[in-house]
Amino acid sequence: MTEHLKVPVASLTLNIETDSFVIPEISKQCDTILGQSRAQSALEFGVAMKNPGYNIFVMGAPGTGRLSMITNYLAHAAEKQDAPPSYAYVDNFENSREPISIQLHAGQGQKFTKDIEQLIDNLLATFPAVFESPAYQQKKSAIERRFNQQYNAAIDLVDKKAEAMSVALYRESDTITFLPIRDNKALDEDQFTMLSQPDREAFHKHTEELEVYLGNVLLELPQWRRTMVDKTRQLDIETIGNAIDPLFDELNHSYQNTDDVITYLAEFKKDVENTITDFLMPSRVQEIKDNTTKRLIMTEQYMPNILVDYKQDQGAPIIYESHPTYQNLFGRIEYMSDQGALITTYRRICSGSLHKANGGYLILDAEKILTYPFVWEGLKRALKAGKIEIESPYSEFGVNTITLKPEVIPLNVKVILVGSRDIYYLLEAMDSEFNEMFRVLADFDSHIRLTENSIEQFVNLMVKQASDSGALPLTKAAIARLIEHSCRLSENQFRLSARINDSLEIIGEANLLCTGVGITEIDKAQIELALSAKEARSGRIAEEILEEMIDGTILIDTEGEAIGKVNGLTVMEVGGSSFGAPARITTTVYPGSRGIVDIEREAELGQAIHSKGVMILTGYLGNSYAQEFPLAISASIALEQSYGYVDGDSASLAELCCLISALTCTPIRQGFAITGSINQYGEVQAIGGVNEKIEGFFKLCQARGLNGQHGAIIPVSNKRNLMLKQEVINAVEQGLFSIYTVSNVNETIELLMGKTAGCLDKEGHYPEGTINFKVVSRLKEISDMASDSEDGDDE
């Protein structure tokens, strides 16, 4: 009667034939994203759209290879694009706190640095040597000679007047002294004291007169000296200009098409005249004898600080920032200690990921940029303004430091955020600017349809990844097993799992098993060993639960029959692994109108979806059995020996069958375990984790001894999700274990209880002797008891 519900062996898993695909030769990387046509189309659109705001959010689950696939695709697209311009910071000679940014053509950054370095070398070689040339010395001597002539002529006038007054004029350096003369000889101090009083007074009078006259004739001495200094300075400037003009003319010619460089060289040329005067004049050379010190001074003042410089044939940059702190993203200014004080210059400006990706693509982890402070707001501000500004994010909180304010750099970057669905919907709901800046959604599917094309792409990817990782070659049987494993991960015989990384990990683990045993290629056996080893590493808890069931600590019957008891099927997730295990569900029924009590809910262990499933039972009972009388029932349902939170409605079918068993006192076969959810009309609905659930019950039956009376009951809509292990398939093939699919409650009842469920006749009654007839009878009996009780209370 129930044989038609049995699942045939051929439907228990997907078997990939090795002649259904071909292993390709290892070729160049393909830019197609495996099985993600929707996401690839969105990515192509986002990359092609150059308008502002068309940044891309890549949405999908971790482990689907989002990052590597995006990077590979962008690499193919970026190599066709032109390399972005290079950027550098140079000193602002008018305000050193505001360095100036200059833009160069791609590949010019390092060349420009070498050219400035060579210019500094040439300047150091030219100065002060140019001031030692005969031409310069002659012109400088002529200027000094003119000054000396004017000075000497003035002194000669004073000397003549002094001679007429019998006074001698003596010059010692810049000092002028007057002495009395007697007999054509100058008198010393002792001789002067021997003169008569009138003679001494006359000398003093003459001296005062001469000093006044000296002051008058030297009245223009400061002007003469200023004229000499001005002419000397002008000579120095002309000499410096004549010496550096050829050096700068060559650079101006080399960078004639780069406006920023031409402007900088002009400012450089103006400022370097002062630097030469301050440090490289012959008078200053004695103070700074070390050539290394002079070079360091020139380097710190004039050497450009190259932020980014890509080669012309390099294409657009692709930057993945794995640690997107504010400084790593927007750049930072470093400091150095000088005698206890922190100082900085434009040469301490460091580029961030936005600088490196400017003109190309920047890939960021959405969760991380929301975690690090100031990053998300800063990124939106930069994208909206179209410029990169290096600043301290803490200044608005009162944490101020004396620092630089570099000139902003134009920003032209395509930002790709990679994140989960939860983060995308959170940003969409909570941030009004998000949709304006990330208008393209690349949605990665969790599953990939199993087609000839997707199989071919999967095979190509596995072969290439094995080669790139240095693993041994894969056989066709190994690849076929990987396809089957991928379908098991997706829980669907017609879909591959998008979690490509899981398959790649298995290849690496299988390759390790081949080490040192003389195996030259990875076959199906190595893949099986790797899968078994992975399961064993995370199987401690599953083994402990199984042992407790076997020794009777956890009560699960797999033989005989029982009223109000049924084996449900559950899935437990611990860490990154999941496993199935049976769980006993019990039900008690007694007169009253309390309704169906979910003990898990009452104990606050049952979560919302589980509680919803239990509530549906009342709807089914009322719709199917209580059309002619009020539904009055008191029942308790419990998931026995469950001490943690319970969620999901996959136990609702088992709970209903257990409730019917308790109502009708009809025993349930304990050799069966059941899973499935129901709606209020008794239709059985699909559930998750079907393979783990079946295998969990199978292991217990296998440990106690299979006898052909054991089996699992699942929804018929889960038939396509069957990807069972070979040991289960072998047991089914040998008739030791059975798997049934059901579509409604009646089919399930007949399987579990071995009796006819019964269908409504034309008059709306169930046939006498059927399970459903007994349910109606029992419910009516309880309802009548409740009515009699109410009547008695009224009296």
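Below, the structure is looked at part by part. (Residues numbered from 1 in each chain as written. Predicted model: local features only at pLDDT ≥ 70, side-chain atom pairs only at ≥ 80, totals over all residues. Heavy atoms only, no water.)

## Concerning the pairing of strand S21 (residues 565–574)
Heads up, the condition is: When DSSP finds at least two bridges between two strands, those strands are taken to pair. Under the DSSP-based scheme used, a helix requires at least four consecutive residues in state H or I and a strand at least two consecutive residues in state E, with every element numbered from the N terminus.
Direction of pairing for S21 relative to strand S22 (residues 577–590): antiparallel, over a ladder of ten bridges. Bridging from a neighbouring strand, Asn-567 pairs with Arg-584 of S22. Here S21 runs beside strand S26 (residues 672–674); their pairing, made up of two bridges, is parallel. Considered in S26, the bridge of Gly-568 is made with Ile-674.

## Side note on a negative patch on the surface
Basically, it comes down to this: A patch consists of residues exposed above 30% relative accessible area that lack any salt bridge, with like charges linked at up to 9 Å and nonpolar side chains (Val, Leu, Ile, Met, Phe, Trp, Tyr) linked at up to 5 Å. For the area figures, the Shrake-Rupley method with a 1.4 Å probe applies, and any residue is considered shielded solely by the protein chains shown. In what follows, salt bridge is the name for a side-chain nitrogen of Lys or Arg lying within 4 Å of a carboxyl oxygen of Asp or Glu. Residues scored as charged are limited to Lys and Arg (positive) and Asp and Glu (negative), so that His and the chain ends carry no count. Charge placement uses NZ in Lys and CZ in Arg. For Asp and Glu, CG and CD serve respectively.
Residues Glu-543, Glu-547, Glu-548 and Asp-551 make up a contiguous surface patch of negative charge. Within the secondary structure, Glu-543 is located in helix H21 (residues 540–550).

## Some details on the pattern of salt bridges
Basically, it comes down to this: The cut-offs for exposure are 20% and 50% of the maximum accessible area for each residue type, with area from a 1.4 Å probe on protein chains only; residues under the lower value are buried, those over the upper are exposed, and the others partly exposed.
In this structure the tally under the stated criterion is 30 salt bridges. Here Glu-377 and Lys-380 are joined by a salt bridge, their closest N and O atoms 3.3 Å apart. Placement of the pair is Glu-377 and Lys-380 together in helix H14 (residues 375–385), with a separation of three residues, close to one helical turn. Judged by its relative accessible area of 4%, Lys-380 is buried.

## Remarks on the pairing of strand S5 (residues 175–182)
Remember that side chains alternate between the two faces of the sheet whenever the strand is regular. As defined by bridge partners, strand S4 (residues 167–172) adjoins S5 across six bridges and the pair is classed as antiparallel. Its bridge partner lying in S5, Val-167 is registered against Pro-180. Linkage of S4 to S5, two consecutive antiparallel strands, is achieved through a turn of two residues, within which Ser-173 is found at a positive phi near 60°. Here two bridges tie S5 to strand S6 (residues 185–186), and the two strands are oriented antiparallel to one another.

## A look at the side chain of Asn-55
Spelled out, the test is: In protein, a polar contact means a hydrogen-donor-capable atom and an acceptor-capable atom, both N or O and within 3.5 Å, with residues adjacent in sequence counting only if both atoms are side-chain atoms; elsewhere, any N or O pair within 3.5 Å suffices. When checking whether two residues touch, look at their non-hydrogen atoms; a contact exists if any pair is within 4.5 Å.
Take Asn-55: it is sitting in the loop between helix H1 (37–48) and strand S1 (56–59). Taking the relative accessible area as the measure of exposure, Asn-55 reaches 6% and is therefore buried. Of the polar contacts made by the side chain of Asn-55, one reaches the backbone oxygen of Met-437; its length is 2.9 Å. Ignoring any residue separated from it by four or fewer positions in sequence, one finds Asn-55 in contact with Leu-383, Val-413, Lys-414, Val-415, Met-437, Phe-438, Arg-439 and Val-440.

## A word on the side chain of Arg-66
Relative to the assigned elements, Arg-66 resides in helix H2 (residues 66–78). Discounting residues that sit within four places of it in the chain, Arg-66 has contacts with Val-58, Gly-60, Ala-61, Val-418, Gly-419, Ser-420 and Phe-444.

## Observations concerning the packing of aromatic side chains
Here the distance between the centres and the angle between the planes together describe a pair of aromatic rings. Rules: Two aromatic rings from Phe, Tyr or Trp, using only the six-membered ring of Trp, form a pair when their centres are within 6.5 Å; if the ring planes differ by under 30 degrees the pair is stacked, by over 60 it is edge-to-face, and anything between is tilted.
Considering all chains together, one arrives at 24 aromatic pairs under this definition. Where Phe-248 meets Phe-268, the ring centres are 5.3 Å apart and the plane angle is 85°; that geometry is what we call edge-to-face. In this pair, Phe-248 sits in helix H7 (residues 221–254) while Phe-268 sits in helix H8 (residues 259–279), placing the two residues 20 residues apart along the sequence. Classification of Phe-248 by relative accessible area gives buried; the value is 1%. Taking 5.6 Å as the distance between ring centres and 65° as the angle between the ring planes, the aromatic pair formed by Phe-672 and Tyr-740 counts as edge-to-face. In this pair, Phe-672 is assigned in strand S26 and Tyr-740 in strand S30 (residues 737–742), connecting sequence segments 68 residues apart. Like Tyr-740, Phe-672 is buried. A network of ring pairs unites the aromatic residues Phe-93, Phe-112, Phe-248, Tyr-255, Tyr-264, Phe-268 and Tyr-302 as a single cluster.

## Re the environment of Ser-11
Among the secondary structure elements, Ser-11 is positioned in the segment before H1. Setting aside residues no more than four positions away along its own chain, Ser-11 makes contact with Gln-493, Lys-719 and Leu-722.

## Topic: H14
Taken together, the buried positions of H14 are occupied by Val-375, Trp-376, Gly-378, Leu-379, Lys-380, Ala-382 and Leu-383. Directly after H14, the chain includes Gly-386, whose backbone phi takes a positive value near 70°.

## A look at the packing of helix H4 (residues 134–164) against helix H6 (residues 197–217)
Keep this limit in mind: Note on definitions: angles span 0 to 180 degrees between N-to-C directions of axes, and those axes are lines fitted to C-alpha atoms, for helices only across the stretch in contact. Angular relationships are summarised with four words: roughly parallel below 35 degrees, roughly antiparallel beyond 145, roughly perpendicular across 65 to 115, and oblique for the angles in between. Two helices cross in a left-handed way if the nearer one is turned anticlockwise from the farther one by less than a right angle. They cross in a right-handed way if the turn is clockwise. For this classification, the nonpolar set comprises Ala, Val, Leu, Ile, Met, Phe, Trp, Tyr, Cys and Pro, the charged set comprises Asp, Glu, Lys and Arg, and every other residue, Gly included, is treated as polar.
One can describe the packing of H4 onto H6 by two numbers: an axis separation of 9 Å at closest approach and a directional angle of 160°. Taken together, the axis directions place H4 and H6 in an arrangement best described as roughly antiparallel. Here the hand of the crossing between H4 and H6 comes out right-handed. Counting all contacts with H4, which are made through Ala-154, Ile-155, Leu-157, Val-158, Lys-161 and Ala-162, the residues of H6 involved are Glu-209, Leu-210, Tyr-213, Leu-214 and Val-217. When its residues are assigned to classes, the contact of H4 with H6 shows nine nonpolar, no polar and two charged.

## Details of the environment of Asn-691
Relative to the helices and strands, Asn-691 is located in helix H25 (residues 690–704). When the C-alpha atoms of Asn-691 and Ile-318 are compared, they prove to be 42 Å apart, with 373 residues separating the residues in sequence. In this structure, Asn-691 is in contact with Arg-488, Glu-491, Asn-721, Leu-722, Met-723 and Leu-724, ignoring residues within four places of it in sequence. Among the polar contacts listed, one links the side chain of Asn-691 to the backbone nitrogen of Met-723, at a separation of 2.6 Å.

## Structural notes on the nonpolar core
How we decide: We call a set of buried Ala, Val, Leu, Ile, Met, Phe, Trp, Tyr and Cys residues a nonpolar core when their side-chain atoms join them within 4.5 Å.
The biggest cluster of nonpolar side chains holds 57 residues, and the ones touching the most others in it are Ile-116, Leu-123, Phe-127, Leu-218, Phe-268, Val-272 and Ile-276. Top contributing element to this core by residue count: H7, with ten residues. In this view, Leu-123 contacts Ile-244, Leu-247, Val-272, Ile-276, Leu-280 and Met-298; residues no more than four positions away in its chain are not counted. Listed in part, the 52 residues of the second largest apolar core include Ala-39, Tyr-54, Ile-506 and Ala-530.

## Digging into the sheet that holds strand S13 (residues 361–365)
If you trace the five strands from one edge of the open sheet to the other, you get S8-S13-S16-S1-S17, paired in parallel fashion. Here the strands that pair on one side only, and so sit at the sheet edges, are strand S8 (318–321) and strand S17 (440–443). Taking each pair of neighbouring strands and ignoring which way they run, the sheet shows an average axis angle of 20°. Bridging between S1 and S17 involves four bridges; their strand directions are parallel. Bridge pairing in S17 places Phe-57 opposite Leu-441.

## With respect to unusual backbone geometry
Here Phe-127 and Pro-128 are connected by a cis peptide whose omega angle stands at 5°. The topology assignment puts Pro-128 in the loop between helix H3 (109–126) and H4. With a phi close to 70°, Phe-374 is a non-glycine residue in the positive phi region. Position of Phe-374 relative to the elements: it lies in the loop between helix H13 (366–371) and H14. For Phe-374, a relative accessible area of 27% gives the class partly exposed. A positive phi angle, close to 55°, is found at Gln-641, a residue other than glycine. Turning to its location among the elements, Gln-641 is positioned in the loop between strand S24 (634–639) and helix H24 (652–664).

## Description of the sheet that holds S5
Taken in spatial order, the three strands make up an open sheet running S4-S5-S6, and their pairing is antiparallel. Each edge of the sheet is formed by a strand with only one pairing partner; in this case those strands are S4 and S6. Packed on one face of the sheet, H4 meets S4 and S5 and runs near 155° to S4.

## With respect to the packing of helix H23 (residues 608–625) against H24
The geometry of H23 relative to H24 is characterised by a closest axis approach of 9 Å and an angle of 45° between their N-to-C directions. It follows from the interaxial angle that H23 and H24 lie oblique. Handedness of the H23/H24 crossing: right-handed. Contacts from His-610, Gly-613, Val-614, Leu-617, Tyr-620, Leu-621 and Tyr-625 in H23 reach Ser-652, Glu-655, Leu-656, Leu-659 and Ile-660 in H24. Among the residues forming the contact of H23 with H24, the class breakdown is eight nonpolar, three polar and one charged.

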